[in-house]
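# A look at the structure
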Amino acid sequence: MSTETGPAIDTEPRSHRIVPGPKGLPFLGNLPQFGKNPLAFFERLRSHGDMVGWRFGPNSCVYIADPDCIGELLTETERSFDQPALGIAFRTVMGNGVVVARGTDWRRKRSLVQPSVRPKQVRSYAATMTSSTVELADTWSGGERVDIKREMAALTQRIAVRTIFGVDTAADAEAMGRAMDVAQQEIGKEFAGIGALLPDWVPTPGRARIKKAAAVIDAEVGRVVARHRDGADERPDLLSRLLAAVDETGAHLTDQEIRDETVTLYIGGHETTSSTLVWAWYLLSRNPRVRTALTEELDRVLGDREPEFDDFARLTYTQSVVKETLRLYPTIWLVTGVAKEGAHIGGVPMPEGTRVWTSQWATHRDARWFPEPEEFRPERWDPETGDDIAEYAWFPFGGGPRVCLGTRFAMVEAVLILAVLARRFELDVDPGVIDPVPSLTLQPDREVMATVRTR
Ligand code: HEM
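About the thresholds
- Residues numbered from 1 in each chain as written.
- Predicted model: local features only at pLDDT ≥ 70, side-chain atom pairs only at ≥ 80, totals over all residues.
- Heavy atoms only, no water.
- Near = heavy atom within 4 Å.
- Polar contact = N/O pair within 3.5 Å; in protein donor to acceptor, adjacent residues only side chain to side chain.
- Helix = DSSP H or I, 4+ residues; strand = E, 2+ residues; numbered from the N terminus.
- Nonpolar A, V, L, I, M, F, W, Y, C, P; charged D, E, K, R; others polar.
- Core = buried A, V, L, I, M, F, W, Y, C linked by side-chain atoms within 4.5 Å.
- Buried < 20%, exposed > 50% of the residue type's maximum accessible area, 1.4 Å probe, protein only.
- Domains from an automatic or database assignment.
- Phe/Tyr/Trp six-rings, centres within 6.5 Å; stacked < 30°, edge-to-face > 60°.
- Lys NZ or Arg CZ within 6 Å of the ring centre and 35° of its normal.
- Pairing = 2+ DSSP bridges.
- Axes fitted to C-alpha atoms, helices over the stretch in contact; angles between N-to-C directions.
- Contact = heavy atoms within 4.5 Å.

Around the ligand sit 22 residues in total, of which Q83, W106, R110, R402 and C404 are the nearest. For the ligand, an oxygen atom lies 2.6 Å from a polar atom in the side chain of Q83. Within the side chain of R110, one N or O atom sits 2.7 Å away from an oxygen atom of the ligand. Counting residues per element, the shell around the ligand draws most heavily on helix 11 (residues 255-286), which supplies 6 residues. Along the lines of polarity and charge, the residues of the shell around the ligand split into 11 nonpolar, 9 polar and 2 charged.

Next comes the structure, spelled out in structure tokens:
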């Protein structure tokens, strides 16, 4: 019998455990409970303590729930912990871009990509974020029914294609968007399914679809890069900044590296942001008090004009709505690291090869760090009157050397999109509880239909 819902009763041989935890099955360990519902599994692990041993199949793992320990794991990534290698689906699509790369190769790539997403550059992408959202708002009218998941995905995709590739013609954007969609869906399936456990050489229908999508992406991105190199597309887009970037030896990124980084930024930034927005509309619809406070801020700060970059700093409540959404529905819900020789966490030695896990989902819903954790309360984030939130109790963008490169981009994008749309409309999401499905990102378990009401 599993003891995962009760207190820790460790009946397994000590040699299998680094620290105590719930009992598991022979060979499979706790894999069945994890596989059934990883979000609930991590929440239950917490009841065993802040550092819990469990087994992922034959592998001894440690789950950590304490923010100080989480901080250690994140800040020691690269030095004391490796990130596990990503599967073939990621590598086929993202090549050896900054998400996939490890060690010195990753360091070089990160330093080349970082300048293109600095706050100063994000300022120059803000106008595209706003104008793309206004285009969408102009197509909506009162009483209309919209599929929010589809609308937000299409919007963030349009913004990604425009800001990264500077591409604006419908045909270019469409072909690239379709191939990226297929690639992203298949990565998600492989990530969450048994595909992740199959050796790279095993052909599966999903892997065949990814290869086909990657070939289309290669061709489309290749065309856009060639046009930029010819000087035909002179725009302040991310691609132009990557083409201009030089490393410490004075070398530029090769065409293959440019392809890998642009696709990585696209895949890393599009679904994460669109899912965040879907959850935000869901939560706003279920919390009229918060929705009213949000529109009051938009009316006060913007009046009857559209938002621009400088409004981001003024829209503090809107920012809090996004932060609180990312607390309750952190689109990246899991972080893992593999201990290198000599690694420690919370003073406990982690034998080389131990996989250490933590989860944004479970930590963000821990009542010790967030009183009444199920409540959607953006006021927690008020810098003056809000809660005293421990460092690394909230880490939707990760932390340490591999912290999300797009944090600023994503925050500005989500705030501007909410501001444009919530200033004009209220979205009433159909009744019923929407559950999250933990795939590559935390997705709603079904379509999210809403009725648009003009304000
Ligand atoms: C709400 C939206 C977003 C969330 C929640 C999010 C979350 C994260 C997290 C948790 C990581 C670290 C993963 C790890 O532990 O290795 C990460 C990495 C990354 N993110 Fe984001 N992200 C978002 C938006 C974006 C955007 C808009 C971009 C690009 C413009 C982006 C680009 C990246 C890249 C390139 C990395 C890899 C950094 C590295 O390994 O050095 N992300 N993101």
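That covers the picture; the talk isn't over yet.
Our focus in this paragraph is the nonpolar core. Ranked by size, the top nonpolar core spans 119 residues in total, and within it F42, W54, I148, M152 and F165 carry the most contacts. Inspection of this core shows a minimum of three residues originating in each of domain 1 (1-86 + 333-364) and domain 2 (96-332 + 403-454). Formed by 17 residues, the second largest nonpolar core is a distinct cluster that contains V19, I70, A339 and F395.

With that out of the way, let us pick up the packing of aromatic side chains. Evaluated as defined, the whole model comprises 21 aromatic pairs. Ring geometry for F42 versus W54: centroids 6.2 Å apart, planes at 80 degrees, classification edge-to-face. A residue pair is termed long-range when its members are at least 10 positions apart, and F42 in helix 2 (residues 38-45) and W54 in strand 1 (residues 51-56) qualify at 12 residues. Neither residue differs from the other here; F42 and W54 are each classed as buried. Taken together, the ring pairs connect F34, F41, F42, W54, F56, Y63 and W357 into an aromatic cluster. Above the ring of F370, the side-chain terminus of R327 is found at 5.1 Å from the ring centroid. When the ring centre of W361 is taken as reference, the NZ or CZ atom of R365 above it lies at 3.9 Å.

Judged by pairing direction, the sheet is antiparallel, and its 3 strands sit side by side in the order 4-12-9 without closing on themselves. Strands at the two margins of the open sheet, each flanked by one partner only, are strand 4 (145-147) and strand 9 (425-429). Recorded for the sheet is a direction-independent mean angle of 40 degrees between the axes of neighbouring strands. Where helix 7 (residues 148-165) meets the sheet, its contacts fall on strand 4, strand 9 and strand 12 (449-454), and the angle it forms with strand 4 comes to roughly 60 degrees.

Strand order across the open sheet formed by 5 strands is 1-2-8-5-3, with mixed pairing between neighbours. Bordering the open sheet on either side are strand 1 and strand 3 (81-82), each of which pairs with just one other strand. Pairing between strand 3 and strand 5 (residues 335-339): 2 bridges, direction antiparallel. Within strand 5, the position partnered with D82 by the bridge is V338.

Limitation: the analysis is restricted to geometry and does not speak to function.
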